[in-house]
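These are the residues of each chain, in order.
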Amino acid sequence: MGDLLAPPNTLEVLLGNEAIARGALEGGLNVAAAYPGTPSTEIGEALSVAAKKLGIYFEWSSNEKVAAEVAIGAAWSGLRSMTMMKHVGFNVAADAIFTLTYAGLTGAMVIVSADDPHCHSSQNEQDNRHYSEAAGLPMLEPSNVQEAKDFTKEAMELSYRYKIPFMIRTTTRVNHQRGPVKLGEITAKPSVGTFEPPEPDRYLQVGAIARKHHIELLKKLRDIQEISGNYARIEGPQDAEIGIVTSGVSYAHVKDALRLSGLEARVLKLGMTFPLPERTIGDFLRSVNTAFIVEELDPFLELRIRAIAKDHAPDLEILGKLTGHMPQFHEYTVRTVLEGLSKAFGVKSPIDFAEIDRRSLSIASKVPPRPPILCPACPHRSAGYALRRAAGRAVFMGDIGCYALLFQPPFKVEHVTHAMGSSIGIANGVSLSTHQDVIALIGDSTFFHAGIPALINAVHNRRKMTVVIMDNRTTAMTGHQSHPGVPYDAIGREAPSVDLEALVKAIGANYVKVVDPFDHKETEKAFREALKSEGVSVVITRRECALLTVRNLRAQGRRIIPYKVNPERCTYCRVCINTFACPAFIDKGSSVEIDPAVCFGCGACVQICPYEAIEPQDGSLNWKEEGLGV
Ligand code: SF4
Ligand code: SF4
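Note that the coordinates shown come from a computational prediction; the quantities given were computed from them, not determined experimentally.

Caption draft 1: Spotlight on the site of ligand 2. Around ligand 2 there are 13 residues in total, and C582, C599, C602, G603 and C605 lie nearest to it. Of the residues contributing to the shell around ligand 2, the split by class is eleven nonpolar, two polar and no charged.

Caption draft 2: Structural view of the side chain of R266. Note on placement: R266 falls in strand β11 (residues 265–270). For the buried R266, no salt bridge is present, and the opposite-charge side chain at shortest range is D239, 7.4 Å distant. One polar contact links R266 to S287, side chain to side chain, over a distance of 2.9 Å.

Caption draft 3: Layout of the site of ligand 1. Among the 13 residues in the neighbourhood of ligand 1, the closest are listed as C570, C573, R574, C576 and C609. In this structure, ligand 1 is accommodated by the largest cavity. For the shell around ligand 1, the class distribution of residues is eleven nonpolar, one polar and one charged.

Caption draft 4: Representation of empty space enclosed by the protein. Applying the stated criterion across every chain yields a total of three cavities of 30 Å³ or more. Of the volumes computed, that of the largest cavity is approximately 100 Å³. Around the largest cavity, the lining is made up of 14 residues, and of these C570, C573, C576, C609 and A613 lie nearest the centre. Here the lining of the largest cavity is built from residues that sort into twelve nonpolar, one polar and one charged. Estimated volume of the second largest cavity: approximately 80 Å³. Listed by contribution, the elements that provide at least two residues to the lining of the second largest cavity are β7 (166–171) and α9 (248–261).

Caption draft 5: Here's a closer look at the nonpolar core. If you look at the biggest cluster of nonpolar residues, it comprises 90 residues, and the most contacted ones within it are L29, L47, F58, M82, M84, F90 and L285. Beyond its immediate sequence surroundings of up to four residues, L285 is in contact with A291, I305, I308, A309, A313 and L316. Counting residues in each nonpolar core, the second largest holds 76 residues, with A394, L500, Y511 and I594 among its members.

Caption draft 6: How the structure looks around the pairing of strand β18 (residues 511–515). One ladder, built from five bridges, connects β18 with strand β19 (residues 536–542); its direction is parallel. Within β19, the position partnered with V514 by the bridge is I540. Each parallel crossover has a hand, and the one from β18 via helix α18 (residues 520–532) to β19 is right-handed.

Caption draft 7: Structural view of helix α11 (residues 300–312). Taking 1.5 Å per residue as the helical rise, α11 with its 13 residues ought to reach 18 Å, and the 19 Å between its terminal C-alpha atoms agrees with that figure. The set of residues buried in α11 consists of F300, L301, E302, R304, I305, I308 and A309. Around the axis of α11, the buried residues are gathered within 165° of arc, so they sit on the same side.

Caption draft 8: Just the packing of aromatic side chains, in detail. Within this structure, the stated rule accounts for ten aromatic pairs. Here F518 and W623 contribute two aromatic rings whose centre-to-centre distance is 6.2 Å and whose plane-to-plane angle is 25°, an arrangement assigned as stacked. Taken together, the positions of F518 in the loop between β18 and α18 and W623 in the segment after β23 (614–615) put the pair 105 residues apart, joining distant regions of the chain. W623 matches F518 in its accessibility class, with the two residues each being buried.

Caption draft 9: Here's a closer look at the sheet that holds strand β10 (residues 242–247). Strand order in the open sheet formed by five strands is β9-β11-β10-β13-β14, and the pairing between neighbours is mixed. Each having just a single partner strand, β9 (233–235) and β14 (317–319) make up the two edges of the open sheet. Within this sheet the neighbouring strands show an average axis-to-axis angle of 20°, counted without direction. Strand direction decides the pairing type here: strand β13 (residues 290–294) and β14, joined by three bridges, are parallel. In the sheet register, A291 faces β14, and the bridge partner there is I318. Of the strands in this sheet, β9, β10, β11 and β13 are in contact with helix α10 (residues 278–286), which crosses β11 at around 170°.

Caption draft 10: Spotlight on the side chain of N63. Locating N63 in the fold gives a position in the loop between β3 (57–60) and α3 (64–75). Polar contacts involving the side chain of N63 include one to the main-chain carbonyl oxygen of H449, which spans 2.9 Å. The contacts of N63, once residues within four sequence positions are left out, are Y35, V92 and H449.

How each quantity is defined
- Residues numbered from 1 in each chain as written.
- Chains lettered and ligands numbered in written order.
- Predicted model: local features only at pLDDT ≥ 70, side-chain atom pairs only at ≥ 80, totals over all residues.
- Heavy atoms only, no water.
- Near = heavy atom within 4 Å.
- Nonpolar A, V, L, I, M, F, W, Y, C, P; charged D, E, K, R; others polar.
- Helix = DSSP H or I, 4+ residues; strand = E, 2+ residues; numbered from the N terminus.
- Buried < 20%, exposed > 50% of the residue type's maximum accessible area, 1.4 Å probe, protein only.
- Lys, Arg positive; Asp, Glu negative; His and termini not counted.
- Salt bridge = Lys/Arg side-chain N within 4 Å of Asp/Glu carboxyl O.
- Polar contact = N/O pair within 3.5 Å; in protein donor to acceptor, adjacent residues only side chain to side chain.
- 1 Å grid on protein atoms, 1.4 Å probe; cavity = no way out; pocket = protein on both sides within 12 Å on 5 of 7 lines; lining within 4 Å.
- Sits in = over half its atoms within 2 Å of the grid points.
- Points joined across faces, edges and corners; volume = space filled by probe spheres on them.
- Core = buried A, V, L, I, M, F, W, Y, C linked by side-chain atoms within 4.5 Å.
- Contact = heavy atoms within 4.5 Å.
- Pairing = 2+ DSSP bridges.
- Right-handed = clockwise from strand over helix to strand, strands pointing away.
- Expected span 1.5 Å × (residues − 1).
- Arc of directions from axis to C-beta.
- Phe/Tyr/Trp six-rings, centres within 6.5 Å; stacked < 30°, edge-to-face > 60°.
- Axes fitted to C-alpha atoms, helices over the stretch in contact; angles between N-to-C directions.

Read these as layout, nothing more, since geometry by itself doesn't imply function.
Encoded structure:
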């Protein structure tokens, strides 16, 4: 991590997400709240450190809507706030945000939407620029790390000036690139606001009031459009016939593609992409013979630029996604842009991509496939193992978390991965529609995020289903952030934890059992009982994420001694590989070994070997027997 609190006027190498956090600190941030989600998570990670040092407020909220509402409450109390989320998290927060643009603010608020073209770590490629227009949410799109910092600070200032939230929309390559950033002064400080609406009905969005506020919002957006051109710049030769319009990280790809190809083109780089600077774009379109639009995912700019061209340059040729010159899917690279320019203008690429493809395919064919796998000692593997044995014929509704990897053999206990909390929600629908055994798998953080209302629905509507809450005591997939079920908060202070067992009992689940998934027999028994019971049954498989256990053991100075396979006892039945699949097992062709460099020394595999061939070495721990990680 770069030094987020380095002094002004220094040049610091920051991650894009750290730069966003710094921009908010320079913009006078008082309160920030978020739910973790790649590629936005490091903004919160950076702020959790800064918050502790500066005394400002940061929390990991239970979901994105709650995080947005925390930030709204602060901005309505006159403070400066920020909330940040991955693109699909915006769907959760959208309900609160759409009404917020009507209501306006007394303080300031920045909403970061970190989009993930290419689904690097997401279930879809949605383009959240549409949200800006649909919600009336002014949007800035940084292209690099410096802009990530500058635009966030600027968004905070603009939000304060216009009394409306501003959106920073990024994509993975802006969030996760690292680069030098010239720093400004940090003005963030702890502050207490006052909730004092500027008019009595300012925050009451009912009928006549909401209608009035909608008109005000449109007026604000027209005012903001007047300054939108300030965030645009034109580069390249004045007399070039080709004009490229771009924004965000696509701008960087365009610059590289032009440099490599030697093509002469003027580039209009847009910084504020809603509302668009119509005059600036119109003037630019009139100055070129062909416009080429470069943007990832949907033709958001292209459609709007075509509309602007109708008034300003009706005969102009506009090329992009809609003309088939650029793809409407996946992440762009310099290659994508070069290939688009080649299609549009016959530019000869200086790079032989076909040859690169041929070489990389030949290398790839020699490398063993490495699909993502659960870590050694992962408690989800043990839960998946027991589920397979107890309920192999059931249908399994999965959710968003590490346990989604249980869709793979040998477990195959995930038929669905859809959206946060959907496992229980969709299980409601499948259980009422079929006679099959239905099991919903959900992690602890995801359960707090969006699982609770679906469980309430299941109980109230007399569903017959089993819910497995895979409680690994953290939000593991995004890097171990806190959630309401753990006894510490986002900046490491002690905090009250919500009792999952009491919660599901209070909701009215018929059968509730907490098990240690490393106790395979007990876990399997609990699943069998749960499936036999009437109504909604809940099994909580509780064991902390293996990475946390290993970290704690190391912090205590305890050594991790791997297990080993006793060749005298091993029959090469392959039960360990075929049913448990810890990545530490190596199939040697006629024998099985444990890779000491991979094994976490947990002992969970001992129980599954029918020949008792898996043994500890001198000093090996047995996590279950020693009560470690529970
Ligand atoms: S399950 Fe036991 S006996 Fe069978 S291959 Fe693995 S270590 Fe050997
Ligand atoms: S002890 Fe067994 S289950 Fe645990 S990490 Fe090592 S090989 Fe995997």
